[in-house]
Amino acid sequence: MTRKRRRMMILALALLGLGTATALTLSAFRDNIVFFYSPSDLAAKPPGGRTVRIGGLVETGSLKRDAGGLTVTFQVTDTAKSLPVTYTGILPDLFREGQGVVAEGKLGPDGVFTATELLAKHDEKYMPPDVADALKRAGHPGKPGDAAPTGAPVAAGEEHQTSTLRTNP
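Residues numbered from 1 in each chain as written. Predicted model: local features only at pLDDT ≥ 70, side-chain atom pairs only at ≥ 80, totals over all residues. Heavy atoms only, no water.

S.K.: Tell me about the overall build of the protein, and name the residues and values.
M.R.: The secondary structure content of the protein amounts to 3 helices and 7 strands. The secondary structure elements of the protein, listed N-terminal to C-terminal, are α-β-α-β-β-β-β-β-β-α. At a minimum sequence separation of 6, the contacts of the protein that also span at least 24 residues come to 44%. Taken as a whole, the protein presents about 12,400 Å² of accessible surface, with 57% of it coming from carbon and sulfur. (Helix = DSSP H or I, 4+ residues; strand = E, 2+ residues; numbered from the N terminus. Contact = heavy atoms within 4.5 Å. Areas by Shrake-Rupley, 256 points an atom, 1.4 Å probe, with all protein chains shown as cover.)

So this is what it looks like as structure tokens:
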């Protein structure tokens, strides 16, 4: 075998190895990609059995809990369309009607979205209850849950209170 032929063989094997690695990487990405849809998007183009994420607001008055279990049903809306969702598990602390939610799961043939994971969303005005109570005690105008204005002055003689979140080790 000549030198030129040996180089060509090594180059061909290297290209074959690179092509195989690229194909395996793209295949792994395809299996792990989860697309995000709104209820209107799902109504227009169902995902066909794939795991997807839906996002919107939990429709007021739609939350129903099963008496003996962890299963809840509710409607997710984007104000144009609503989608029924069922979820079995422990709800996030911030989950409630009128609040933003992202649910991951699959759309069934009956049009009901079966969620395997729920993420409660909050806006930039979210404040932990401890901080909201501290601000209320300090005389901050507004109701608990309202964010304090950025750079709000503290009146002379007032203590600055903080809240610490502790987690179990």
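S.K.: Report on the pairing of strand β7 (residues 113-120), specifying residues and quantitative values.
M.R.: In this structure, strand β5 (residues 82-88) lies alongside β7, joined through 3 bridges in parallel fashion. Following the sheet pairing, V85 is matched in β7 by F113. With 7 bridges joining them, strand β6 (residues 100-107) and β7 adopt antiparallel strand pairing. Within the sheet, the bridge partner assigned to A103 lies in β7 and is L118. (Pairing = 2+ DSSP bridges.)

S.K.: Tell me what's going on with the pattern of salt bridges, and back it up with residues and numbers.
M.R.: Counted under the stated rule, the structure contains 1 salt bridge. Ionic pairing is found between E104 and R53, a salt bridge with its closest N-O pair at 2.9 Å. Of this pair, E104 sits in strand β6 while R53 sits in strand β2 (residues 52-58); the two residues are 51 residues apart in sequence, bridging distant segments of the chain. The buried category is assigned to E104, whose relative accessible area is 16%. You can call R53 partly exposed: its relative accessible area is 32%. (Salt bridge = Lys/Arg side-chain N within 4 Å of Asp/Glu carboxyl O. Buried < 20%, exposed > 50% of the residue type's maximum accessible area, 1.4 Å probe, protein only.)

S.K.: Talk me through a nonpolar patch on the surface; I want residue IDs and the actual numbers.
M.R.: Judged by side-chain polarity, M1, M9, L13 and L16 come together as a nonpolar surface patch covering roughly 470 Å² of accessible area. Among the secondary structure elements, M9 is positioned in helix α1 (residues 3-32). (Patch = residues over 30% accessible without salt bridge, like charges linked within 9 Å, V, L, I, M, F, W, Y side chains within 5 Å.)

S.K.: Requested: an account of the UniProt feature "signal peptide" (unreviewed entry) in the protein, with residues and values cited.
M.R.: This chain's UniProt record puts "signal peptide" (unreviewed entry) on residues 1-23. A distance of 31 Å separates the end C-alpha atoms of residues 1-23, which is 91% helix and 0% strand. (UniProt positions renumbered as here; feature names shortened; annotations may be inferred.)

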